[in-house]
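Residues per chain, in single letters:
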Amino acid sequence: MPRAGVVGWLSEQAQTGLREMPSNAAWMLSRALRPAEHVGSAVVDAIPGGGDSVDARMARAREAAERAREAEEQALEAAQESKERADHARQVNEHGRARLTETERETNRTVRQRVALAQKEADEAVKRERREAEEEAEEELEEVRAEVDEEIEEAESDAEEARARAEELVADATEKLATARRLAAEAADAARGVAEEARRYAQQLVDDAEQQADEADARIAAAEQLRERSEQSAKHAVRELAGGRTNGGGLESYKKPELLELAASVGVEGRTNMTKDELIYAIAKASRTKS
């Protein structure tokens, strides 16, 4: 296999190895930590000593993932550079061969022209011109060949150095990715412990809330009973005040805000827009109707 072909093959293998690596170490970390992200911050803060250790581990895991990603990008760039240099070496090789072919074609054409010219004069002149032309052509070919060989050797050397550097960066990226995975696993384990503790704490909060709700229901029922007794007392007082009289009786001694409260207790509608006399009449009427 030509040397340029070996360099190209190595570059391709380096890039293939990089493509088979996980393209995003941060994504792996987020997948490992996803169960812990649903725990409310208030619940985590409520657990003594539970937040600092997990946060620190998660931060270290994210930093390691970022370093692995950067190393991976560097390795990919190096592999790309290696491939580009190998391509350049191949192009230089092809260009050099094309120059050789073109030079050979031009020199052959020159030889034929000079031979044709020499043949007009004499056979000896033809032989002399042919020999001189061939010598000059050979010298020129040797010069071009030497230049092409030098350019090819330099390009292949650059490609070899780039390949070696790419391999080093690939190894470094692999090591950093392994470290990121390990830290992510540790952070995930710690987060699962915090999540379990948070679940127990949340269950305790639910139990307490249910107990408080039961107590509140009991207080609401007691308040409702008290309201009903108050309403009945108010209606009784209204009936006593109204005394069955059409003009309202003792209700005239009440102020309007007090009449509004009595009207509400006996269910008078539109009371807020009534005058004092209208309220007295409506309360008396409602009292007689309910009696």
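Residues numbered from 1 in each chain as written. Predicted model: local features only at pLDDT ≥ 70, side-chain atom pairs only at ≥ 80, totals over all residues. Heavy atoms only, no water.

Here we come to the overall build of the protein. Scanning the protein for helices and strands turns up 7 helices and 0 strands. The proportion of buried residues among the 291 residues of the protein is 31%. In the protein, the share of contacts with a sequence separation of at least 24, taken over all contacts with a separation of at least 6, comes to 75%. Total accessible area on the protein stands at roughly 19000 Å², and carbon and sulfur atoms take up 48% of it. (Helix = DSSP H or I, 4+ residues; strand = E, 2+ residues; numbered from the N terminus. Buried < 20%, exposed > 50% of the residue type's maximum accessible area, 1.4 Å probe, protein only. Contact = heavy atoms within 4.5 Å. Areas by Shrake-Rupley, 256 points an atom, 1.4 Å probe, with all protein chains shown as cover.)

The next subject is the pattern of salt bridges. Applying the stated criterion to the full structure yields 20 salt bridges. Residue arginine 145 pairs with glutamate 142 through a salt bridge whose shortest N-O separation is 3.0 Å. Of the two residues, arginine 145 and glutamate 142 are both situated in helix α5 (residues 123-242); the distance of 3 residues between them amounts to about one turn of the helix. Under the relative-accessibility criterion, arginine 145 is labelled partly exposed at 31%. Within the structure, one salt-bridge network assembled from shared partners comprises Glu196, Glu197, Arg199 and Arg200. (Salt bridge = Lys/Arg side-chain N within 4 Å of Asp/Glu carboxyl O.)

Let's shift gears to a negative patch on the surface. Taken together, Glu132, Glu134, Glu135, Glu138, Glu139, Glu140 and Glu143 make up a surface patch of like negative charges. By the element assignment, glutamate 138 lies in helix α5. By relative accessible area, glutamate 138 is classed as partly exposed at 40%. (Patch = residues over 30% accessible without salt bridge, like charges linked within 9 Å, V, L, I, M, F, W, Y side chains within 5 Å. Lys, Arg positive; Asp, Glu negative; His and termini not counted. Charge placed at Lys NZ, Arg CZ, Asp CG, Glu CD.)

Turning our attention to the nonpolar core. Ranked by internal contacts, the top residues of the largest apolar core, which has 13 residues, are Val54 and Ala180. The set of elements that each furnish at least two residues to this core consists of α4 (50-121) and α5. No other element matches α5, which puts 7 residues into this core. Dropping the residues within four chain positions of it, valine 54 is found in contact with Ala190, Ala191 and Val194. Counting 12 residues, the second-largest nonpolar core is a separate cluster that includes Ala263, Val266, Ala282 and Ala286. (Core = buried A, V, L, I, M, F, W, Y, C linked by side-chain atoms within 4.5 Å.)

Among the residues making up helix α6 (residues 256-265), those that are buried are Leu259, Leu262, Ala263 and Ser265. Buried residues in α6, looked at end-on, bunch into an arc of 160°, giving them a common side. Facing away from the buried side of α6 by more than 90 degrees, the exposed set consists of Pro257 and Glu261. Positive phi appears at glycine 267, one or two residues downstream of α6, with a value of about 80°. (Arc of directions from axis to C-beta.)

All right, on to the environment of alanine 164 then. Locating alanine 164 in the fold gives a position in helix α5. Owing to a relative accessible area of 29%, alanine 164 belongs among the partly exposed residues under this scheme. Through-space distance from the C-alpha of alanine 164 to that of alanine 79 is 9.5 Å; in sequence the pair is 85 residues apart.

Our focus in this paragraph is the side chain of serine 287. Positionally, serine 287 belongs in helix α7 (residues 276-290). In terms of polar contacts, serine 287 uses its side chain to reach the backbone carbonyl oxygen of isoleucine 283, at 2.8 Å. (Polar contact = N/O pair within 3.5 Å; in protein donor to acceptor, adjacent residues only side chain to side chain.)

Looking at the protein as a whole, the pLDDT averages 79, with 72% of positions reaching at least 70. Put simply, helix α3 (residues 41-46) is where the protein has its lowest mean pLDDT, 43, and α6 is where it has its highest, 91. The low-confidence segment residues 35-49 (pLDDT under 50) makes 12 contacts with residues lying over four places distant or belonging to another chain. Confidence drops under pLDDT 50 across residues 244-248; counting only partners more than four residues distant or on other chains, this segment forms 13 contacts. (pLDDT = per-residue confidence, 0-100.)

This paragraph deals with the environment of leucine 251. Within the secondary structure, leucine 251 sits in the loop between α5 and α6. Placed 30 residues apart in sequence, leucine 251 and tyrosine 281 show a C-alpha to C-alpha distance of 9.2 Å.

Quick look at the environment of glutamate 186 now. Within the secondary structure layout, glutamate 186 lies in helix α5. Taking relative accessible area as the criterion, glutamate 186 reaches 33% and is therefore assigned partly exposed. Separated by 129 residues in sequence, glutamate 186 and arginine 57 have C-alpha atoms that sit 7.5 Å apart.

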